[in-house]
Amino acid sequence: MSEQPAVTTLVDEIRRISYLESALDLLGWDQETAMPRGGAKTRARARGELTEIVHSAWQAPSFSDALRAAEDVVDGDGRSARLVREVRRRYDRRVRVPSSLAEETAIATSEAQTAWIEARSKNAFSQFAPHLERLLKLRRRTAEALRYEGESLYDALMDKYEPYGRAAKVRELGEQVKPTLIELVGKYAPICREVRRDFLSRPFPVEQQQAFGEQVLRDLGYDLERGLIAVSAHPFCSGISSPSDVRVTTRYTENDVKSALSGLIHECGHALYEQGFDPEWEGTPVAQAISMGIHESQSRLWENQIGTSPEFWSHYFPKLVDQFPDQLGDVELDEFVRAFNIVEPSLIRVEADEVTYNLHVLLRFELEQDLLEERLPVADLPTVWNQKMEEYLGLRPDSDATGCLQDIHWSMGAFGYFPTYFLGNVYSAQFYTAARAALPDLDQQISRGEFQPLRNWLRTEIHELGSVYSATEISERVSGTDLHADALLTYLKSKFETLYS
Ligand code: ZN
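Residues numbered from 1 in each chain as written. Predicted model: local features only at pLDDT ≥ 70, side-chain atom pairs only at ≥ 80, totals over all residues. Heavy atoms only, no water.

## Details of the overall build of the chain
Thinking step 1. Within the chain, the secondary structure is distributed over 21 helices and 3 strands.
Thinking step 2. The C-alpha radius of gyration of the chain comes to 23 Å, within 12% of the 23 Å expected for a compact globule of 501 residues.
Thinking step 3. For the chain, the C-alpha atoms occupy an extent of roughly 70 × 55 × 50 Å along the three principal directions.
Thinking step 4. By the burial criterion, 55% of the 501 residues in the chain qualify as buried.
Thinking step 5. A fraction of 73% describes how many contacts in the chain between residues 6 or more apart in sequence connect residues 24 or more apart.
Thinking step 6. As presented, the chain carries roughly 21,100 Å² of accessible surface, and 49% of it is formed by carbon and sulfur atoms.
Thinking step 7. Distance between charge centroids for the chain: 3 Å, based on 55 positive and 79 negative side chains. (Helix = DSSP H or I, 4+ residues; strand = E, 2+ residues; numbered from the N terminus. Rg over C-alpha atoms; globule rule 2.2 N^0.38 Å. Buried < 20%, exposed > 50% of the residue type's maximum accessible area, 1.4 Å probe, protein only. Contact = heavy atoms within 4.5 Å. Areas by Shrake-Rupley, 256 points an atom, 1.4 Å probe, with all protein chains shown as cover. Lys, Arg positive; Asp, Glu negative; His and termini not counted. Charge placed at Lys NZ, Arg CZ, Asp CG, Glu CD.)

## Brief notes about the coordination of the zinc ion
Thinking step 1. Only His266 (NE2), His270 (NE2) and Glu296 (OE) from the protein coordinate the zinc ion, and they sit 2.1 to 2.3 Å from it.
Thinking step 2. Looking at histidine 270, the relative accessible area reads 8%, which means it is buried. (Donors = N, O, S within 2.8 Å, 3.2 Å for Na, K, Ca; no water.)

## A few points about the packing of aromatic side chains
Thinking step 1. Within the structure shown, the criterion is met by 28 aromatic pairs.
Thinking step 2. Relative to phenylalanine 496, the ring of tyrosine 188 lies with its centre 6.0 Å away and its plane at 40°, an arrangement referred to as tilted. Here tyrosine 188 is found in helix H8 (residues 167-193), whereas its partner phenylalanine 496 is found in helix H21 (residues 486-500), with 308 residues between them in sequence.
Thinking step 3. With centroids separated by 6.1 Å and ring planes inclined at 10°, the aromatic side chains of tyrosine 427 and phenylalanine 431 adopt a geometry described as stacked. Of this pair, tyrosine 427 and phenylalanine 431 both sit in helix H17 (residues 418-438), 4 residues apart, which is roughly one turn of the helix. The residues tyrosine 427 and phenylalanine 431 share a single accessibility class, namely buried. (Phe/Tyr/Trp six-rings, centres within 6.5 Å; stacked < 30°, edge-to-face > 60°.)

## Some thoughts on the pattern of salt bridges
Thinking step 1. For the structure on display, the rule yields 45 salt bridges.
Thinking step 2. Across the salt bridge formed by arginine 147 and glutamate 144, the nearest N and O atoms sit 3.3 Å from each other.
Thinking step 3. Owing to a relative accessible area of 32%, arginine 147 belongs among the partly exposed residues under this scheme.
Thinking step 4. Note that aspartate 330 is salt-bridged to arginine 202, the shortest N-O span being 2.9 Å. One end of the pair, aspartate 330, is in the loop between helix H13 (325-328) and helix H14 (333-340); the other, arginine 202, is in the loop between H8 and helix H9 (206-220), and 128 residues separate them in sequence.
Thinking step 5. Accessibility expressed as a relative area gives 44% for aspartate 330, which makes it partly exposed.
Thinking step 6. A cluster of three or more residues bridged by salt bridges with shared partners is formed by Glu86, Arg89, Arg90, Arg93 and Asp159. (Salt bridge = Lys/Arg side-chain N within 4 Å of Asp/Glu carboxyl O.)

## Quick look at the nonpolar core
Thinking step 1. Core analysis: the biggest nonpolar cluster contains 156 residues, and Leu132, Trp302, Phe312, Trp313, Leu328 and Phe336 have the highest contact counts within it.
Thinking step 2. Top contributing element to this core by residue count: H17, with 11 residues.
Thinking step 3. Residue-level mapping places this core at the junction of two domains, with at least three residues from each of domain 1 (5-122) and domain 2 (167-500).
Thinking step 4. When sequence neighbours within four positions are dropped, the list of residues in contact with tryptophan 313 reads Leu261, Gly307, Thr308, Pro318, Leu320, Leu333, Phe336, Val337 and Phe340. (Core = buried A, V, L, I, M, F, W, Y, C linked by side-chain atoms within 4.5 Å. Domains from an automatic or database assignment.)

## Remarks on the side chain of asparagine 341
Thinking step 1. If you trace the backbone, asparagine 341 turns up in the loop between H14 and helix H15 (356-372).
Thinking step 2. Since its relative accessible area comes to 3%, asparagine 341 is described here as buried.
Thinking step 3. Among the polar contacts made by the side chain of asparagine 341, one reaches the side chain of lysine 495 at a distance of 3.0 Å.
Thinking step 4. What asparagine 341 contacts, discounting residues up to four positions off in sequence, is Thr308, Glu354, Lys495, Phe496, Leu499 and Tyr500. (Polar contact = N/O pair within 3.5 Å; in protein donor to acceptor, adjacent residues only side chain to side chain.)

## Concerning the side chain of glutamate 267
Thinking step 1. Locating glutamate 267 in the fold gives a position in helix H10 (residues 257-275).
Thinking step 2. We note that glutamate 267 is buried and unpaired, the nearest opposite charge coming from arginine 300 at a distance of 8.4 Å.
Thinking step 3. When near neighbours in sequence (up to four residues on either side) are disregarded, glutamate 267 contacts Pro235, Phe236, Cys237, Val248 and Thr249.

## Overview of unusual backbone geometry
Thinking step 1. Positive phi, normally seen in glycine, also occurs at tyrosine 164, with a value near 70°.
Thinking step 2. A relative accessible area of 34% means that tyrosine 164 is categorised as partly exposed.
Thinking step 3. Its identity as a non-glycine residue notwithstanding, glutamate 374 has a phi of 60°, on the positive side.
Thinking step 4. By secondary structure assignment, the location of glutamate 374 is in the loop between H15 and helix H16 (381-393).
Thinking step 5. According to the relative accessible area criterion, glutamate 374 is exposed, its value standing at 61%.

## Describing the packing of H9 against H10
Thinking step 1. It is at 10 Å that the axes of H9 and H10 come closest, and there the two elements cross at 30°. Here H9 lies roughly parallel to H10, going by the angle between them. Crossing of H9 against H10: the hand is right-handed. Residues Gln209, Phe212, Gly213, Val216, Leu217 and Leu220 of H9 form the contact with H10, whose participating residues are Val257, Ala260, Leu261, Leu264, Ile265, Cys268 and Leu272.
Thinking step 2. A per-class count over the contact of H9 with H10 returns 11 nonpolar, 2 polar and no charged. (Axes fitted to C-alpha atoms, helices over the stretch in contact; angles between N-to-C directions. Parallel < 35°, antiparallel > 145°, perpendicular 65-115°, else oblique. Left-handed = near helix turned anticlockwise from the far one by under 90°. Nonpolar A, V, L, I, M, F, W, Y, C, P; charged D, E, K, R; others polar.)

## Re the layout of surface pockets
Thinking step 1. If you add up the space inside the second largest pocket, you get close to 320 Å³.
Thinking step 2. If you go around the second largest pocket, you meet 17 residues; those closest to its centre are Glu311, Arg436, Tyr491, Ser494 and Lys495.
Thinking step 3. Only helix H11 (292-306), helix H12 (310-323), H17 and H21 provide two or more residues apiece to the lining of the second largest pocket.
Thinking step 4. Counting residues per element, the lining of the second largest pocket draws most heavily on H21, which supplies 7 residues.
Thinking step 5. Its residues placed into classes, the lining of the second largest pocket shows 6 nonpolar, 7 polar and 4 charged. (1 Å grid on protein atoms, 1.4 Å probe; cavity = no way out; pocket = protein on both sides within 12 Å on 5 of 7 lines; lining within 4 Å. Points joined across faces, edges and corners; volume = space filled by probe spheres on them.)

## Observations regarding the domain arrangement of the chain
Thinking step 1. Looking at the chain, the domain boundaries give domain 1 (5-122) and domain 2 (167-500).
Thinking step 2. Placing the centre of domain 1 and that of domain 2 at their C-alpha centroids yields a distance of 27 Å.
Thinking step 3. Taken together, the contact between domain 1 and domain 2 spans 24 residues of the former and 34 residues of the latter.
Thinking step 4. Here domain 1 meets domain 2 over a buried area of about 2,500 Å², counting both sides, of which 60% is carbon and sulfur.
Thinking step 5. Three residues stand out in domain 1 for area buried against domain 2, namely Trp29, Arg82 and Trp116, and they jointly supply 28% of the buried area on that side.
Thinking step 6. Taken together, the connections running from domain 1 to domain 2 amount to 2 salt bridges.
Thinking step 7. Here domain 1 and domain 2 share 10 residue pairs in polar contact (both at pLDDT 80 or more) between them.
Thinking step 8. Breaking the side of domain 1 that touches domain 2 down by element, the ones donating at least two residues are helix H1 (5-33), helix H4 (79-96) and helix H5 (99-122).
Thinking step 9. When residues in the side of domain 1 that touches domain 2 are grouped by element, the largest group, 11 residues, is from H1. (Buried area = accessible area lost by both parts, 1.4 Å probe.)

Right, dumping it as structure tokens:
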């Protein structure tokens, strides 16, 4: 790459920070997968020190000088200009929040998390309520410090996860999908109650599940020369110095053949995104994710559109039966596919299926926006949560633990994160529609276990753009239209019609 010297200097600066951050990522990875419990205290201090160093690197005069010098020499809309613009966006987010506010928030968050764990175990929202109140106040102040003209407080916080995203757009998409989703649940949940599923919870030895999962990931194109599969309590994907070291985890349950495999395919989608970045630009915005929504679109596309499809299973089911003849010898392919795709309202988001999941997420988005913008008093949260659950999914939680205390996000002050799950589904359906148009043979390729054409298409159209295009720009380039929910609704309607009619 040949760049103007001022841009090269900025790239060097941003890379230096990125390598420090990759050390932090590695400490985090180790903490979740291998660290003995006794290491927690020292690890927290090590991460704290390193975080300080990263923070100072962003604050250094040499960094702001390099940024301004680069801004002076780039113009137009080329890659350099976009790279510099993205660095500016990240820099502003860093320096606009006063360090006293950042420190106060860090302390409040750590206390809120302890209180949340306690409140959840005792089923007592009232114990968590004062912490939530305090966090909301702090996040409002942060949003005031961050927000650009025309942005709402919520937009300013959501920007951390979904740059340039707008709450009003999420609301609009949400209103568009809710009636259809509620209708689909009403239509298919009763049918699914009759669907045979006993075989999914037969004993599937963990080692064999591991071997099968690893083979599937290799087939999908996950590069184990630049990747690693491990076990953790909560599955995740972590780019250590992306794209050359992108790791995934899952967790195995003997009596559940679906969850570990679906989880692995999901994390593999995240990993393929990061492994698909241009290595020449490692450590810069050209080779980093633009948003959690786009990241999630990749995991969802592989997990749902591909990994639950009849085409995918027409290839893999015979192999799964070979691996587990005692458990699956009496099961037909279409029985298996139907069981894999059961629609069933539940109280818990992380256990939700493809149809109900979006309703779980929209409920949280609506509530957190109302909390932040002071339309909903904290004390009313459990009541309103339960009402909405009843309205959207026909279920009423019998405790706060299975209601508004179930997710960790609010105790971390992560307001604005939930919409990215929903946006991921919206993007993934738009991308998949575009992929099918670009690759007319896609269904047949998948049923032959050929994933390279789709992977290459995703790489060129999405992965290689990194974060120098916004999520909206990417979705417009790929699908030729603005962000919309029609693709998601069409996909869900036609899939479940075919499966269960
Ligand atoms: Zn994910």
